[in-house]
Amino acid sequence: MTLARRFGPLAVLLAWTALALGCKSTSTPAATAPADATHAGPKPIRIAMIAKSSTNPIFLSARRGAETAARDLTAKTGVPIEIVWLTPPAEDGQIQAQRIAQAVNEGASAILVSCSDAGKLTGAIDDAVARGVPVMTFDSDAPASKRFSYYGVDDRRLGEQVMAELAKLLNGRGKVAILAGNQNAPNLRRRVDGIKAEAAKYRGIQIVGTFYHAETPQDAAAEVIRVNNAYPGIHGWAMAGGWALYTKTLLTDLDPKKVKIVAVDALPPELPYVEKGLAPVLLAQASYLWGNVGVTKIVDKLFYKQDVPPVVSMDPVRVTIDSLGPWARQLRQWGFPDVPEEYLNLNPGQK
């Protein structure tokens, strides 16, 4: 094992200094390490990860990415890197704020958080930073806080893309409903703003309303059915997230000849909606990379002492029937066990 890996960069510097001084005078003994230094390993890096909900598959994939990065970087740096999962079971900005304080009190080296409510988390983030714990956000930012970096998509632009894709499918005409998830989530509000701004460019598009709900598959699907019954003749759904497509409910309750959906995300449960033509376009966030890149950037900052940009951009991936195979294979490569087998063999030769 090299000196650098065993004692860290500072110990290497001290050793070289001692060696240089020893070469100048034979009467001065070379400096030696403290007696207990041989038993001290590198200080672990403990990263508290606080996503929005531990029941949402998209955040479980982010966790998987974070844990993979931690294993890889532990092997690369020689420093034990641990992911401490502190995500609440359901979305709650106040609980997230408490978990941030908990992470600081329990000695976390850094915090990686997706903000359910930026207003409730900004103070907690700032307090953590003031106490010497750097914070990075992913997926949903708290831009007014003292976090050092945010990793994710441009949410307003993503909303614009959702509506632009839907308008193409509807030939620029029809009644459209917006499924918007948690009303307090800043990233979702920006997506909704983008959807509305893009819709305003089409005279034939009518937005019947924006509909919020608890971010569970059952609640989201129930809201879609409720709205469809309350507003007959809806032609399209612009979904700021894919919650309603995590169940098979809408595959039987909606007619793809009458209704089209464009949604953010493309996790395994959503792929049948692409195949059946009900959601011909999904704009996927590479959720696995939220954790993988997030942890990598934190290690860049803490271990390598590198500057990390305040915003690290992610581009969405357009998933259609023509790219369903390559996307399914990518999900399987990222460790998703529930990718339907029939999709893995689609579009052979494409990457």
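Residues numbered from 1 in each chain as written. Predicted model: local features only at pLDDT ≥ 70, side-chain atom pairs only at ≥ 80, totals over all residues. Heavy atoms only, no water.

**Considering the overall build of the protein chain**
Summing up its helical and strand segments, the protein chain has 13 helices and 12 strands in all. Expressed as a percentage of the 351 residues in the protein chain, the buried residues total 52%. Of the roughly 16,300 Å² of accessible surface on the protein chain, 53% is carried by carbon and sulfur atoms. (Helix = DSSP H or I, 4+ residues; strand = E, 2+ residues; numbered from the N terminus. Buried < 20%, exposed > 50% of the residue type's maximum accessible area, 1.4 Å probe, protein only. Areas by Shrake-Rupley, 256 points an atom, 1.4 Å probe, with all protein chains shown as cover.)

**A closer look at the packing of aromatic side chains**
Scanning all chains against the criterion turns up eight aromatic pairs. Look at Phe-59 and Trp-290: their rings are 5.8 Å apart centre to centre, the planes differ by 25°, and that puts the pair in the stacked class. Of this pair, Phe-59 sits in helix H3 (residues 57-77) while Trp-290 sits in helix H11 (residues 287-302), and the two are 231 residues apart along the sequence. An identical accessibility class is assigned to Phe-59 and Trp-290; each is buried. With 5.8 Å between their ring centres and 50° between their planes, Phe-138 and Trp-290 make a pair best called tilted. With a gap of 152 residues between them, Phe-138 in strand E4 (residues 135-138) and Trp-290 in helix H11 connect regions that are remote in the sequence. Grouping residues by exposure puts Phe-138 and Trp-290 together as buried. (Phe/Tyr/Trp six-rings, centres within 6.5 Å; stacked < 30°, edge-to-face > 60°.)

**Section: the pattern of salt bridges**
Two side chains bearing opposite charge may form a pair once their charged atoms approach each other closely. One pass over the structure, following the stated rule, counts 14 salt bridges. In this structure, the salt-bridge partner of Arg-46 is Glu-82, at a minimum N-O distance of 3.4 Å. Separated by 36 residues along the polypeptide, Arg-46 in strand E1 (residues 45-50) and Glu-82 in strand E2 (residues 81-85) bring together distant segments of the chain. Classification of Glu-82 as partly exposed rests on a relative accessible area of 39%. Here Asp-127 ties to Arg-131 by a salt bridge, and the two come within 3.9 Å at their closest N and O atoms. (Salt bridge = Lys/Arg side-chain N within 4 Å of Asp/Glu carboxyl O.)

**Comments concerning the sheet that holds E4**
Read across the sheet, six strands follow the order E2-E1-E3-E4-E5-E11 without closing on themselves; strand pairing throughout is parallel. The open sheet has two free edges, formed respectively by E2 and strand E11 (311-313), since each of these has just one partner strand. When the angles between neighbouring strand axes are averaged without regard to direction, this sheet yields 20°. Pairing of E1 with E2 involves five bridges; the strand directions are parallel. What sits directly across from Ile-47, in E2, is Ile-83. (Pairing = 2+ DSSP bridges. Axes fitted to C-alpha atoms, helices over the stretch in contact; angles between N-to-C directions.)

**Re the sheet that holds strand E10 (residues 281-284)**
Strand order in the open sheet formed by six strands is E7-E6-E8-E9-E10-E12, and the pairing between neighbours is mixed. Across the chains shown, the open sheet's two edge strands, defined by having one partner strand only, are strand E7 (204-212) and strand E12 (317-319). The mean angle between the axes of side-by-side strands here comes to 20°, regardless of whether they run parallel or antiparallel. Packing of helix H7 (residues 186-199) onto the sheet brings it into contact with strand E6 (173-181), E7, strand E8 (234-239) and strand E9 (260-264), and relative to E6 it is tilted by some 170°. In the packing of helix H8 (residues 217-230) onto the sheet, the strands contacted are E6, E7 and E8, and the crossing angle to E8 comes to about 150°. (Contact = heavy atoms within 4.5 Å.)

**What about helix H12 (residues 324-333)?**
Three or more residues of H12 are buried, namely Leu-324, Gly-325, Pro-326, Trp-327, Ala-328 and Leu-331. Looking at the packing, one finds that the buried side of H12 touches helix H10 (271-275), E10, E12 and helix H13 (341-344).

**Re the packing of helix H4 (residues 93-105) against helix H5 (residues 118-130)**
Where H4 meets H5, the closest approach of the two axes is 8 Å, and the angle between their N-to-C directions is 5°. Judged on the interaxial angle alone, H5 and H4 are roughly parallel. Residues Gly-93, Gln-94, Gln-96, Ala-97, Ile-100 and Val-104 of H4 form the contact with H5, whose own contacting residues are Lys-120, Leu-121, Ala-124, Ile-125 and Ala-128. Of the residues contributing to the contact of H4 with H5, the split by class is seven nonpolar, three polar and one charged. (Parallel < 35°, antiparallel > 145°, perpendicular 65-115°, else oblique. Nonpolar A, V, L, I, M, F, W, Y, C, P; charged D, E, K, R; others polar.)

**A closer look at the environment of Leu-346**
Along the polypeptide, Leu-346 turns up in the segment after H13. Linking Leu-346 and Gly-325, residues 21 residues apart in sequence, is a C-alpha distance of 4.3 Å. In this structure, Leu-346 is in contact with Leu-324, Gly-325, Pro-326 and Arg-329, ignoring residues within four places of it in sequence.

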